[in-house]
Amino acid sequence: MTIREVFEAAKAAGDLRGMLDAVPYTRFLGLDAEVQAGELITTLRYAPHLIGNPALPALHGGTLGALLESAAIFELIWRSETIVLPKTITFTVDYLRSGAARDTYAHASITRQGRRVANVRVEAWQTDRAMPVATAHAIFLVMRD
Amino acid sequence: MSDNKPRPGRGIELVPHNHALGIQTVEIERGMAVLKLPYDQKLVGNPDTGTLHGGAITALLDATSGTAVFSALTQWAPIATLDLRIDYLRAAEAGRDVLCRARCYKLTRNVAFTRAVAYHDSEDDPIASSAGTFMLHTKTGAK
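Remember, predicted model here, so these are calculated numbers, not experimental data.

### Examining the interface of chain A and chain B
- Taken together, the contacts link 35 residues of chain A with 32 residues of chain B.
- Those elements that provide at least two residues to the side of chain A that touches chain B are helix H3 (24-29), strand E3 (51-53), helix H4 (61-79) and strand E5 (87-95) of chain A.
- Ranked by residues supplied to the side of chain A that touches chain B, first place goes to E5(A) with 8 residues.
- Its residues placed into classes, the side of chain A that touches chain B shows 19 nonpolar, 13 polar and 3 charged.

Laid out in structure tokens, this is it:
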């Protein structure tokens, strides 16, 4: 199966697990995604290899960036009627607090879904959703190849 | 300093996530750093094409930009990324290592400003470019 077919099947089954398992990098990071109370929540499961600053310790900025970007892509695939693999055009992360050595959650909202371009905002938090560790906004190309 | 041999012992590889990604130091000068992300199957974002996931490129740009800031400081100080804006210009090619060159082009008392480019062979054919800001002299991670 192509990755698009894997995503179609996962979406039809209402289970994102198959989609996550198909992508090596999401397995490497330890990402999980599930729908909770109608919202798609992406989780970065804490593991020692995600640490960027061992002294604090704090998560590597790249892992938070990858969580936010993945959450945005999952949201676009989840919400769109036809599966198109979104291509990131620009991605901007604001790092608000250091990410502690624990699970991190992210939720994305599509601010505009166009025919060619989608604009997405994403927030990531740990213990308190009102205290995000990082936020991002991203622009994706969502045209079929 | 201009040869392309990885130079161990600079501490980049001691950061757990950089080590997990396989990031290596290629070159460091005052205010400038080149790091390498070797191609690895585990970092693939699209299994159909074998291209690396954007997240791995993000981590490389962040790590290289931070290294450029450290190299610009006259005295070591803890730093934290404030923001990072990335333009994805084209897909990284399957099976090929990605290099990243970052420059800390402005250093103020509190903030460092960086630009970075990720590429295979030449910065003139970039995969991604970024602009970042870093807070200097952060304490215990609180910003």
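### Description of the sheet that holds strand E1 (residues 24-29) of chain B
- An order of E1(A)-E2(A)-E6(A)-E7(A)-E8(A)-E5(A)-E5(B)-E8(B)-E7(B)-E6(B)-E2(B)-E1(B) is seen for the 12 strands of this open sheet, with the pairing classed as antiparallel. In the strand order of this sheet, the two ends are held by strand E1 (31-36) of chain A together with E1 of chain B, each with one partner. On average, each strand axis in the sheet is inclined to that of its neighbour by 20°, with strand direction left out of account.
- When E5(A) meets strand E8 (residues 134-141) of chain A, the two strands line up antiparallel, connected through 8 bridges.

### Some remarks on the confidence of the model for chain B
Residues and elements named next belong to chain B.
- Confidence in the prediction of chain B, expressed as mean pLDDT, is 89, and 89% of residues score 70 or more.
- Long-range and interchain partners of residues 1-9, a stretch whose pLDDT sits below 50, account for 10 contacts in this model, where long-range means more than four residues apart.
- Both confidence scores are given for the complex: pTM 0.91, ipTM 0.90.

Basis of the calculations
Residues numbered from 1 in each chain as written. Chains lettered and ligands numbered in written order. Predicted model: local features only at pLDDT ≥ 70, side-chain atom pairs only at ≥ 80, totals over all residues. Contact = placed C-beta atoms within 7 Å. Helix = DSSP H or I, 4+ residues; strand = E, 2+ residues; numbered from the N terminus. Nonpolar A, V, L, I, M, F, W, Y, C, P; charged D, E, K, R; others polar. Pairing = 2+ DSSP bridges. Axes fitted to C-alpha atoms, helices over the stretch in contact; angles between N-to-C directions. pLDDT = per-residue confidence, 0-100.

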